[in-house]
Each structure stands twice: as structure tokens, then as C-alpha cells.
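Residue strings, one per chain:
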Amino acid sequence: MSANSFGRRFVITCFGESHGEVLGVVVDGCPAGLPLSENDIQVLLDKRRPQSTTYSTLRKEKDKVRIVSGVFRGHTSGAPICMIIANEDVDSTPYEAFRRKPRPGHADFTAMVRYGGFNDYRGGGRFSGRITAAFVAAGAIARKLLSMRGVEVYAHVAQIGNIRVRRQPKLEELKKVYENDVRCAIPEDVKLMENELKNAVEAGDSVGSMVEAYAFGIPPGLGDPLFHSLDVDIAALIFAIPGVKAVGFGLGFDFPSMRGSECIDEFTVREGEIATSTNKSGGVLGGLSTGSPLHIKVAFKAPSTIKKNVRTVNLESLSETILKAEGRYDPCIGPRAVPVVEACLSIVLADHYLSQGIIPPVLGD
Ligand SMILES: Cc1cc2nc3c(=O)[nH]c(=O)nc-3n(C[C@H](O)[C@H](O)[C@H](O)COP(=O)(O)O)c2cc1C
């Protein structure tokens, strides 16, 4: 499997760079017979576009998607589905500086070493958050497939800087997450998060964040241990999102400080079915779904491109120097990454549903 492809049955292959002509994705393995239009994809891509200019990059891309293959008479045909998104609002000027003076915390240096300087560095090239538009496009198809089996996937921003939500969101709140700019489902925490973000922006700085995601309606027993366990595949695809530094399931990073008696989910019987009274494991045991909602936590670092003086090295003179980034950047990744995390979770689930035959290769009417 190539380094730019992911999945066993629902296989995505991503292509394109931040400032190239287009970026996009080929989805291979989608069952034939799924009703699909460009609008199905577009509504989700629109959710990834920058919100207010206070909280996101000033780069304004239309992100209009074109489906150029794999859909015939309004339905998927079973052939690979190729989706293309044009890059239009491109200004590569600031990136010339980063070529000589790599941004600390970004991939300028590592990419230059790996590709011998031949990589397209404009706009961060393949390492730009922009490539996640392709994840969202593929995820839109995965979500449609999953909705046929009653699966719903939602995410929201659960932390920005030192402001962390004080409770779990309700399902109705998760459904309204795109109604505020920080994409937090807990109404009473939105203002606090906005202030945290605004303070970072006013200081010419950026701020870290955490996205939590949930998938409802997953039956028990989904996953392929060992190396395609559900949590293995979810973590792998989530880590492909630029800026992700940790992925947790359920209580995640709280587990190390807990005793066994505190971290188990006790079994019970609910409406004649075996269930657990809590969901601390995040809906996965032994790499297999438990039947409780999947619950993941995704930690994003603060974006490294900031309007402050930072120390780096001039690669031509091999001397220490100062860099102050010019250009258009996101001060926080979480709010922009909510639809991306939803998409990645959906892609992995669709792949497993197809692998286990829960979704057939041809769909009836
Ligand atoms: C939606 C999205 C937008 C991003 N925007 C920026 C940005 O404006 N500036 C920045 O320095 N990093 C941004 N990032 C993160 C970088 O792409 C990432 O930190 C970089 O590629 C290095 O990879 P790593 O942090 O995973 O090691 C963004 C990431 C995502 C998912």
C-alpha cells in the first residue's frame, strides 16, 4: 500500500499540495448504487472552510468539489471515485523565507531533508492543513454509507488552551456544533473558549486544542485484531491529520492515574441486551467495538506559524537567525479540524463495515 493510501476495502488515495493547481482524493471500493452528488460532499467541505477571520486563516478558498469519475446517473458505479478541489486563493511569497529559515515546529526542515529539497514547499505543500479537505471529501461518502446502517458521527472542540468543557455534550448539542465559531457543543463554554483564542491572537501567538468525537450506533464486535483493530486503524488515520499529537480512547490520558476498580465498565443488561453501565473505555475492548458509542479525544498542538520572533537556523549560512512569520495562518487547529476528525472516524468505520460485510458491495434501491 502506498504511503498516500489508507484502508483495506474503502481505500482512499490523497493527492495535491497546498499551492498546487488542485488537491483531491480517489476513493476506491465504495459499493455501487449509493446515491451521490457533489452537493453531498460540498455541505461537509463548507464546514471545514475558515469561519471568522479572528479565529482562522485569512486564506479564503471556495473549496468547490468536482466529482470527475465513479458516479453515473446520480449513483456510485463501483469504479474509483475521483474528487478534485481547486486551489485558488494562493500567495506563496512568505514561503520563500521558510525555505531558507525553516519554521520551528513545522515540517519545513524534515520535508526538505526527506525529499532532498525537491518538495513543493509553497503553503507547506503536502504538510499543510489544506490537504485535510481531501479527507473531508472522502469522509462525506463514508458518512453516507454509514448512515444506511444508522451510524452517526459527531465531533466538537472540548478544549482550547486552558479552557476545557465542564461536562459531556448531549446528542442534540453535538448536532448544533457548527452554529458557533469555536465549534464547541457546550453552550456555556463557548464564550470562554472564544476569549482564550482571542487572547492568543492578540499576543501574536497560537493556542492548542482538543477535539472529542463520538460515533453512535456501532454494533459490538467491529474490528480486526491485531493490526487492524478498530482503535489501531482509528489512531492511524487520525494521526495523519497535521498537528495531531495524541489520540485517546474514552478516559484516554486519565487512565494512568486510575485503579482497575475505577477504570472498568461494569456489565449490565439493558432492554434484554448486554450493555455497560459506563463507557470509560471509549467503546473499544481488545480492539473490538463494545456496542457503546465510540469516544475519542484528539490533542492538537498550537500551530507553529506565529507572528512572534522565533529562533531558527539559516540553512544557507548555517548560522542562527530570527524568523517572524508573515502570511495567513490559523491560530488554533481544533475549530477547523472538527469536520476532519468526523471524516477520519467515518472513513475507518466504513472500511471496517465493508471488510466485515455489514455493508454489501452493491446496494439495492
Ligand atoms: C485544518 C488545519 C489547519 C492548520 N493550519 C495551520 C496553520 O495555519 N499554521 C501552522 O503552522 N500549522 C497549521 N496546521 C498544522 C500543520 O500543518 C502541522 O503542524 C505541520 O504539518 C507539522 O506536522 P505535525 O504538527 O503533525 O508534526 C494546520 C492543521 C490542520 C489540520
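Just so it is clear, the structure is predicted and the values come from calculations on it, not from any experiment. (Residues numbered from 1 in each chain as written. Predicted model: local features only at pLDDT ≥ 70, side-chain atom pairs only at ≥ 80, totals over all residues.)

**Observations regarding the pairing of strand β8 (residues 152–160)**
Here is the rule we go by: Put simply, a residue is buried when 20 or more other C-beta atoms lie within 10 Å of its own C-beta and exposed when 12 or fewer do; between those, it is partly exposed, and each C-beta is set from the backbone. Where helices and strands are cited, they refer to DSSP runs of H or I of at least four residues and of E of at least two residues respectively, numbered from the N terminus. Only strands that DSSP links by at least two bridges are regarded as paired with each other.
Within β8, 8 of the 9 residues are buried, leaving the element largely enclosed by the surrounding structure. Relative to strand β10 (residues 209–216), β8 runs antiparallel, the two being bridged by 8 bridges. Note on β10: the bridge partner recorded for Val-153 is Ala-215. With 2 bridges joining them, β8 and strand β9 (residues 163–164) adopt antiparallel strand pairing. Paired with Ile-160 across the two strands is Ile-163, which belongs to β9. Following β8, the chain reverses through 2 residues before pairing antiparallel with β9; Gly-161 in that reversal takes a positive phi of roughly 55 degrees.

**Side note on helix α9 (residues 334–355)**
Quick reminder of the rule: For a helix, the expected span equals 1.5 Å multiplied by the residue count minus one. To get the bend at any residue, fit one axis to the seven residues that end at it and another to the seven that begin at it, then take the angle between the two axes.
In a regular helix each residue adds 1.5 Å, so 22 residues correspond to 32 Å; α9 covers 31 Å between its end C-alpha atoms and thus fits that length. Along α9, the largest kink reaches about 25 degrees and is centred on Val-340. Burial analysis of α9 places 21 of its 22 residues in the buried class, which makes it a mostly covered element. Gly-357 lies just past α9 and shows a positive phi near 75 degrees.

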